[in-house]
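The residues making up each chain are set out below.
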Amino acid sequence: MTFQSKLLATTAAIVVAAAGAVYADGHATHPETGEVLASDQTFTYRDLDESPSIDPGLAEDSAGGDILRDLFEGLYNQDAAGNLIPGVALSHTVSDDGLVYTFTLRDDGKWSNGDTVTAGDFEYAWKRAASPELASPYSWFIELMALENAGEVIAGEVDIAELGVTAIDDTTLEVRLTQPLPYFPQMLTHFTTFPVHQATVEEFGSDWTKPGNMVSNGAYMLTEHVPQERLVRERNEMYWDNDNTIIEKVTSLVINDENVALTRYLAGELDRTDVPAGQFPRLAAEYPDQAVSVPLSCSYYYMFNLRDGAPEEIQNADVRKALSLAIDRDIIVENVLAGGQKAAYTFTHWATAGFETPDIPMATMSQEDRNAMAVELMTAAGYGPDNPLEIDLVYNTSDSHRSVAVAISQMWKQTLGVETTLANQEWQTFLEARSNGDFEVARGGWCADYNEASTFLDLMQSESGYNDSQYVNAKVDDLLAEAKTSDNAQANYDMVEMIVAEDTPIIPIYHYASVKMFAENLEGWPFENFQQNWYSKDLYKIAE
Amino acid sequence: MFPNRAAVESVGDAIELAPIKGRSLWADARARFFRNRAAVVALIALGLVGAFALFGGIFAQYEPDFVNFSLIGSNAYLGVPSTETGHYFGTDSNGRDLFARTVQGTGISLMVGIVGALVAVIVGTLYGATAGYYGGRVDGLMMRIVDVLMSIPFMFVLILMLVIFGRSIFMLFLGIGLISWLDMARIARGQTLTIKNKEFVEVAVAIGVHPAKIILRHIVPNLLGIVIVYATLLVPNMIIFESFISFLGLGVQEPATSLGALINEGSRTMQFGYYWQIGFPLFFFVVTIFAFFFVGDGLRDALDPKDR
Amino acid sequence: MLSFIFRRLAVAVPTLLILVVLSFVLMYSAPGGPFNSERPLPPEVLANIEAKYGLDQPFWKQIVNYVVSVVTQFDFGPSFQYKDRTVNDVIAQGFPVTLTYGFWSFVVAVTVGVSLGVAAAIRQNTWLDYLAVGISIGAQVLPNFVMAPILLLIFTLWLGWLPGGGWQGGQWQFLIMPVIALSTSYMASIARITRSSMLEVLNTNFIRTARAKGLPMRRVIWRHAMKPTMLPVLSYLGPAFVGMITGSVIIDVFFSTGGIGQFFVNSAFNRDYSVIMGITILVGTLTILFNLLVDILYAWLDPKIRY
């Protein structure tokens, strides 16, 4: 085909498609809401980066999770509010001691090649994820699920057959735990627990995740994958609930630069993208139906290094508290970020299920009072204009972290005369420095593993592997241990938050929000889902 | 990216004549340079940019790192350039005075460019002169090393270095200088080969002057013309180079800034209509680079007696 | 000539070895490993991963194994970051992309640059000359990370003529903006070099003689002046080629083309040793080959040079 004829053909195709759209629009309606559906049911969204893997056993990031929830289906799914709804499993029973779960699987679940999804597929997938040969960076999730022998299997001490999961028959799966976990069923919506098709994995080895090879059991199947460019998944005709799937084709595009992504969104190439820091108010004013901000289960904070041998100045709790007081969080959330984030005085995210934000004294003061108190504490600690405190602040490279760090260092300077040296480090260097205690003040961010306050506060435990401050407080440890079995955990959480606000091993700064642009005609997005777990099969586009 | 070797080498042909004609070549060159109107204008522009970087801070109403919190997030209405607020160039996205930051950025960019070029030129000249002076096997070995190093994709190595050792201005100088001394070494060697057969060098050898002294005292001064031209053309390339590094987020540390970093930030907010955030830094960037190119071209023409 | 080529190829081998060792050592001295994350991995998980990738072996053994498998099987190992892929997969996917837009940028830069330069030289000190010089300097000072978002704003957002990114197998709509953004500064340099080189050639005696004989200008330019004019341009092509490969980082970031530039930067940030090594070796090899090609062309064009 010559260049010109190709051009003509393209134009012709566009004309035909456009004409088709006019006639086709208005034919189909949504089965439940009765809305008129658009003829073009494709969903295209931006991903920041290529996911390390789209193998359920090896995947490790949330963007990969978004893709995997479309391609595969685990025992349970989440509905728009985050509640469990049947996936491959229809129901389960729990033994009285809470250690044995028995799942009943649907018998009409199909792989994309027509095979039936069986309990054996789950057994295989879980054992595979835990196997030392696969060496999955997410094998710890199997350990977190407290499966019998999980730790030993991963360490290679016990044969893989001993893992606490057994397919009794094709539709019955038995799972044995080492300790009762009230949130165990919730964990089954996670991609590490998704089934994989044994015959395919064995035939293709590590190439099984490539389009053409991959056999999946979700509402979609992989049709195209160009790393660092695009990943396309299309309707899986074999899916048991295929009749209720409306979106035909989902495309995720890797676009590193969020401003470029926004340009392409505004040019109509994307149905969903992220809003760059500080641009939400403008976009919300201009596109009120498209700019959306919902709480996201993460907290942003600065941590102090409290190890032995760390700089003397910041071992003084009054100094730390003064630094915390002097941060005007309202400016951070309203001006710097301006995307519906909330000022944080507690570590636990305000929207965490069953958590009432306690009344931290600092939270109710005016900023003038906070500043006055901060100056007082600093002066008492012996710092002032003649003897300014000097500290180093490290953060990982990112435009918004930089903006926050610049603003905070200036607040410290303008209120307290503190001289801050900023250092941005790229991610791997930053992680290393932080876990080795090679910092004075460092940026931190923590996202909930599950929707309960302990997912945040457990970081304050002296033994926690994620306690990079190395904050040690026996009282906090006791309170947290007690909360695990207590009926009224909230009281303990309140006290922990109070102690943390007083000791200030960390400075909570804000609670995240997910700030995005959504195409006007895209419906069905689970905004209420705190972990933002979404399924393309629940989405649809209405006719305009 | 770097000054064209062949073009610069032609200057060397002219410089050879220096010892014979004595001072008059430099006087001639000066006269020729000042007859070149574009070069003179560029030199003046360069002087102005330099003055801006050195003394601009006096006129700034704010410190370059001072954040005006009331201006963050309201750039579009309040952060615009204005003589009333004292933000002559407006503010950046973080509520800082863009005038003061542009002054600082211009200074740092000039410094990176000049120091980087100096490192390249000094290392390259000494290396090339040494290789050329000793000749023979030493020369062969030293030049093979240059060949080997030239085949290494240095930008990639520099990215690795900055990622690994953390960013610092020192690292930047080192990295940039390391990449660009190779061409200089080749040029300096070529010129040394012709100079070393001149009588004054032979006399120095005959009376037993130490080789290091011969290189420094007799050879390097005769390379001066070519070195100046090469250095002038190298500076703008260094500045462009630094801006690329800044784009990758591996440039200077906050709150310090460079023109490259400012332009990079500005290019991100361009689509929101904050044109001043890219406009002012880009203006100084463009003027600086234009000026260096024209001065470099003027110097080359002035030192090259072939009348065009 | 042949012996020259052989000698150059012989130098290439130690060069590549130096490159391999240098990058290997650099990567190893880097803080942080490929498997660090916000949540530190439990030791048994980390041990499994290190065993899988052979990272539990002593340093010298790793480097020997690596070199052996590269040399004997052309196998660059698995990617640490992209766990479904090998380095060969990554390169096989990203490199053709970079090569495609790199090639077109190269073609555009050379043809447009040389034409502009020649036109400016023949019509020296006319409006055409000033225009050409103006364009070339303007194009040279505008960094391509500024050019790229400007192109996006104009052609994608305002005019809606071109898709804002992607690759789609390299269809022409997806090629235009990357090629413009990548080629302009090299085009500008080539135009400048061509112009001054042509001016110099036009002043030489043999051209004056040719014109004195009464040959038409067009013929003088094509038959006599072009060849010597191209010499300095040619020596610039080596650095230009390397610059374009490096510049692919910016192209990939802005236009989501999925070339090796993006893979390289991401791998450096993620400590994906094997991908970094693979790409470094690839680019190093290409640089060596391209420089060799330029030297051969040079010898062919310039009868004064003998090897």
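Rules used throughout
- Residues numbered from 1 in each chain as written.
- Chains lettered and ligands numbered in written order.
- Predicted model: local features only at pLDDT ≥ 70, side-chain atom pairs only at ≥ 80, totals over all residues.
- Helix = DSSP H or I, 4+ residues; strand = E, 2+ residues; numbered from the N terminus.
- Buried ≥ 20, exposed ≤ 12 C-beta atoms within 10 Å, placed from the backbone.
- Contact = placed C-beta atoms within 7 Å.
- Pairing = 2+ DSSP bridges.
- Axes fitted to C-alpha atoms, helices over the stretch in contact; angles between N-to-C directions.
- Nonpolar A, V, L, I, M, F, W, Y, C, P; charged D, E, K, R; others polar.
- Expected span 1.5 Å × (residues − 1).
- Bend = angle between axes of the 7 residues up to and from the residue.
- Right-handed = clockwise from strand over helix to strand, strands pointing away.
- Core = buried A, V, L, I, M, F, W, Y, C linked by C-beta atoms within 7 Å.
- Parallel < 35°, antiparallel > 145°, perpendicular 65-115°, else oblique.
- Left-handed = near helix turned anticlockwise from the far one by under 90°.
- Arc of directions from axis to C-beta.

J.: Describe the overall build of chain A, and please don't skip the residues or the numbers.
T.: Per the secondary structure count, chain A includes 18 helices and 19 strands. Taken along the three principal axes of its C-alpha coordinates, chain A extends 75 × 60 × 40 Å. The buried share of chain A, taken over its 544 residues, is 49%. Pairs at least 24 residues apart make up 66% of the contacts formed inside chain A by residues separated by at least 6 positions.

J.: Describe the overall build of chain B, with residues and values.
T.: Along chain B, the regular secondary structure elements total 14 helices and zero strands. Going residue by residue from the N terminus, the α and β elements of chain B occur as α-α-α-α-α-α-α-α-α-α-α-α-α-α. Here the analysis covers contacts within chain B between residues at least 6 apart in sequence; of these, 76% occur between residues at least 24 apart.

J.: Explain the sheet that holds strand β5 (residues 100-105) of chain A to me, and be specific about the residues and the numbers.
T.: All names here are of chain A. If you trace the four strands from one edge of the open sheet to the other, you get β4-β5-β7-β6, paired in antiparallel fashion. This sheet does not close on itself; its edge strands, each paired only once, are β4 (89-94) and β6 (165-169). For this sheet the average axis-to-axis angle between neighbouring strands, irrespective of direction, equals 25°. Inspection of the sheet shows β6 paired to strand β7 (residues 172-176) by four bridges, in the antiparallel sense. Along β7, the bridge assignment pairs Asp 169 with Thr 172. This element, helix α3 (residues 119-130), spans β5, β6 and β7 of the sheet and lies at about 165° to β6.

J.: Talk me through the interface of chain C and chain A; I want residue IDs and the actual numbers.
T.: Contacts between the two partners involve 42 residues from chain C and, on the opposite side, 44 residues from chain A. Secondary structure elements with two or more residues in the side of chain C that touches chain A: α2 (43-53), α6 (144-158), α9 (217-255) and α10 (260-270) of chain C. Class assignment for the residues of the side of chain C that touches chain A results in 19 nonpolar, 15 polar and eight charged.

J.: Tell me about α9 of chain C, residues and numbers included.
T.: Structural remark: α-helix, 3.6 residues per turn; residues separated by three or four positions point the same way. All names here are of chain C. In this model α9 runs just 44 Å from its N-terminal to its C-terminal C-alpha over 39 residues, more than 12% under the 57 Å that 1.5 Å per residue would give. If you look at α9, its biggest bend is around 55°, right at Ala 225, and the proline Pro 228 turns up within four residues after that. When you tally the buried positions in α9, you get 28 out of 39 residues, the bulk of the element. Of the residues flanking the end of α9, it is Ser 256, one or two places downstream, whose phi is positive at about 45°.

J.: Give a description of the interface of chain C and chain B that names residues and reports values.
T.: Listed per partner, the contact involves 39 residues of chain C and 34 residues of chain B. Those elements that provide at least two residues to the side of chain C that touches chain B are α1 (2-28), α5 (127-141), α6, α7 (172-202), α9, α10 and α11 (273-301) of chain C. For the side of chain C that touches chain B, the leading source of residues is α9 of chain C, giving nine residues. Across the side of chain C that touches chain B, the residue classes break down as 27 nonpolar, 12 polar and no charged.

J.: Tell me about the pairing of strand β15 (residues 419-425) of chain A, and name the residues and values.
T.: Residue and element names in this part refer to chain A. For strand β14 (residues 390-396) and β15, the ladder comprises seven bridges, and the chain directions are parallel. Each residue of the ladder has a partner; that of Ile 391, found in β15, is Thr 420. With helix α14 (residues 399-416) bridging β14 and its parallel neighbour β15, the resulting β-α-β unit is right-handed.

J.: I'd like a description of the nonpolar core, backed by residues and values.
T.: Ala 407 of chain A, Ile 159 and Tyr 230 of chain B together with Ile 190 of chain C are the most contacted members of the largest nonpolar core, which totals 322 residues. If you tally residues by element for this core, the top one is α9 of chain C, at 19 residues. Excluding its chain neighbours within four sequence positions, the residues that come into contact with Ala 407 of chain A are Ile 331, Ile 332 and Val 336 of chain A together with Val 67, Ile 72 and Asn 94 of chain B.

J.: Residues and numbers for the packing of helix α4 (residues 37-59) of chain B against helix α14 (residues 275-303) of chain B, please.
T.: Residue and element names in this part refer to chain B. Their axes nearest at 8 Å, the elements α4 and α14 cross at an angle of 140°. With respect to each other, α4 and α14 are oriented oblique. Handedness of the crossing formed by α4 with α14: left-handed. Packed against α4, whose contacting residues are Ala 38, Ala 39, Ala 42, Leu 43, Ala 45, Leu 46 and Val 49, the element α14 presents Phe 284, Val 287, Thr 288, Phe 290, Ala 291, Phe 292, Phe 294, Val 295, Asp 297 and Gly 298 at the interface. Along the lines of polarity and charge, the residues of the contact of α4 with α14 split into 14 nonpolar, two polar and one charged.

J.: So what's going on with helix α13 (residues 367-380) of chain A? Which residues, and what values?
T.: Residues and elements named next belong to chain A. Along its 14 residues, α13 runs 20 Å from first to last C-alpha, staying within 8% of the 20 Å computed at 1.5 Å per residue. For α13, the set of buried residues is Arg 370, Asn 371, Ala 374, Leu 377 and Met 378. Buried residues in α13, looked at end-on, bunch into an arc of 125°, giving them a common side. Along α13, the residues that are exposed and aim more than 90 degrees away from the buried face are Glu 368, Asp 369 and Ala 380. On its buried side, α13 packs onto α10 (317-325), α12 (361-364) and α14. The first or second residue beyond α13 is Gly 382, which carries a positive phi of 95°.

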